[in-house]
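# A closer look at the structure
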Amino acid sequence: MPELPEVETTRRGILPHIEKQTIVKVIIREYRFRWLVPSHLAKILLGRKIINVERRAKYLLLVTHEGTIIIHLGMSGSLSILLEPTPPKKHDHIDITFSNNKILRFTDPRRFGAFLWTEENPHQHELLQHLGVEPLTKNFTGRYLYLSAKNRKAPIKSFLMDNKIVTGIGNIYATEALFAAGIHPATPANSLTIERLDKLVKASKEILRQAIKRGGTTLKDFVNSDGKPGYFSNQLKVYGRAGQPCVACQTSLHLMQIGQRSTVYCKKCQSKLHPRKR
Ligand SMILES: [Zn+2]
């Protein structure tokens, strides 16, 4: 599933190709995604100029003067830039051609994504208005988490993955951030001190930034013959490594379920009660 770094990488990848370009052709081959594509969208988009590509949580906002295209990549979606018309494959559902002849292609095999249009402030759209703080902003702090966690006994991992608290930290990055901060993923959110939550916030930001940076290094592949985006392979320390030795202490990493999501952690390095011993 594309997580925040992949979505941000996508934003940076498509921006230079479509910014200040006018939409000259729209082909919609499939309307049935998580929500239906508006039936008249092709007509609406013709002649609109993209003035910016923004990201809010895992939504991409293609901003025009008249309204905003809201895109979500869902479970398996991707956007790519084609330099010339290329026959669509099975899951290439939407093509938007711009005045520079470049084509933005929306591909989504499982069709859990979204491709919507709003003429209102997109941040007030029903899908976006209840989202929590952006993790890479100053608003995301240990103090913010501490205050939000009052009376919340949910495991810190579920809390960190709650979009109403902080947006776009999915399973992979929550797992990695908790390891980096030395916090057991099942720790009740309201039992953590500001200091430990500060550590967790710093770790989350660092891991997301690194992932975006690595994604940036593959941007040159964003446009290629297959039109496949250049997603990056992560260098993950715990996620997907259950049973393998911890990179810090060599203890075999454990697997547990939290909120029906598989969670890998190190029993020795991640504690519920005490800061990690160094
Ligand atoms: Zn360890």
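Check the entry above for the structure.
So, here is what we can say about the structure in this document. Because the structure is a prediction, the values reported are computed rather than measured.

## Let's talk about the coordination of the zinc ion
The coordination sphere of the zinc ion contains the protein donors C246 (SG), C249 (SG), C266 (SG) and C269 (SG), at a distance range of 2.3 to 2.4 Å. Its four donor atoms give the zinc ion angles of 100 to 113° at the centre, a pattern that matches the tetrahedral case. Counting along the primary sequence, the residues that act as donors to the zinc ion give the motif C-x2-C-x16-C-x2-C. Within this pair, whereas C249 is found in the loop between α6 (194-217) and β9 (254-258), its partner C269 is found in the segment after β10 (261-265), the two being separated by 20 residues in sequence.

## Comments concerning the side chain of N171
Looking at the secondary structure, you find N171 in helix α5 (residues 171-181). The exposure class assigned to N171 is buried, which follows from its relative accessible area of 5%. Among the polar contacts listed, one links the side chain of N171 to the backbone oxygen of S262, at a separation of 3.2 Å. The residues contacting N171, other than those within four sequence positions of it, are E3, K157, M161, Y239, R261 and S262.

## What about the sheet that holds strand β7 (residues 103-107)?
Taking strand neighbours across the sheet as the criterion, the four strands line up as β1-β6-β7-β5 in an open arrangement whose pairing is antiparallel. One side of each edge strand has no neighbouring strand; the edge strands of this open sheet are β1 (23-28) and β5 (78-82). Recorded for the sheet is a direction-independent mean angle of 15° between the axes of neighbouring strands. Here five bridges tie β1 to strand β6 (residues 92-98), and the two strands are oriented antiparallel to one another. Within β6, the residue paired with I27 across the bridge is D95. Of the strands in this sheet, β5, β6 and β7 touch helix α1 (residues 4-18), which is tilted by about 30° from β5.

## Remarks on the environment of L15
Here L15 lies in helix α1. Once the C-alpha coordinates of L15 and N52 are considered, the two residues, 37 residues apart in sequence, prove to be 7.3 Å apart. Look past the residues within four positions of L15 in its chain and what remains in contact with it is N52 and V53.

## Brief notes about the layout of surface pockets
Empty space left among the atoms is revealed by rolling a probe the size of a water molecule over them. Estimated volume of the largest pocket: approximately 530 Å³. If you trace the largest pocket, you find 22 residues lining it, with M1, K58, H72, G74 and N163 closest to the centre. When the residues that make up the lining of the largest pocket are grouped by side-chain class, the tally is 12 nonpolar, six polar and four charged.

## As for the nonpolar core
L62, I69, I71, I96 and F115 are the most contacted members of the largest nonpolar core, which has 28 residues in total. Take this core: its biggest share by element is four residues, from α1. Contact partners of I71, with chain neighbours within four places excluded, come to K58, Y59, L60, L62, L79, F106, A114 and F115. Formed by 26 residues, the second largest nonpolar core is a distinct cluster that contains F140, A149, I172 and I207.

## Let's talk about the side chain of T107
With respect to the element layout, T107 can be found in strand β7. Of note is the side chain of T107, whose polar atom sits 2.8 Å from the side chain of D92. Setting aside residues up to four positions removed in sequence, T107 forms contacts with S76, G77, S78, H91 and D92.

## Points about the sheet that holds strand β2 (residues 52-56)
What the four strands build is an open sheet, ordered β2-β3-β4-β8; its pairing is antiparallel. The open sheet has two edge strands, β2 and β8 (114-118), and neither has a second partner. Sheet twist, expressed as the average angle between the axes of neighbouring strands with direction ignored, equals 20°. In terms of strand pairing, β2 meets strand β3 (residues 59-63) through five bridges, oriented antiparallel.

Conventions adopted
- Residues numbered from 1 in each chain as written.
- Predicted model: local features only at pLDDT ≥ 70, side-chain atom pairs only at ≥ 80, totals over all residues.
- Heavy atoms only, no water.
- Donors = N, O, S within 2.8 Å, 3.2 Å for Na, K, Ca; no water.
- Tetrahedral: all angles 85-135°; square planar, octahedral: opposite > 155°, others 65-115°.
- Helix = DSSP H or I, 4+ residues; strand = E, 2+ residues; numbered from the N terminus.
- Buried < 20%, exposed > 50% of the residue type's maximum accessible area, 1.4 Å probe, protein only.
- Polar contact = N/O pair within 3.5 Å; in protein donor to acceptor, adjacent residues only side chain to side chain.
- Contact = heavy atoms within 4.5 Å.
- Pairing = 2+ DSSP bridges.
- Axes fitted to C-alpha atoms, helices over the stretch in contact; angles between N-to-C directions.
- 1 Å grid on protein atoms, 1.4 Å probe; cavity = no way out; pocket = protein on both sides within 12 Å on 5 of 7 lines; lining within 4 Å.
- Points joined across faces, edges and corners; volume = space filled by probe spheres on them.
- Nonpolar A, V, L, I, M, F, W, Y, C, P; charged D, E, K, R; others polar.
- Core = buried A, V, L, I, M, F, W, Y, C linked by side-chain atoms within 4.5 Å.

Taken by themselves, the reported measurements are silent on function.
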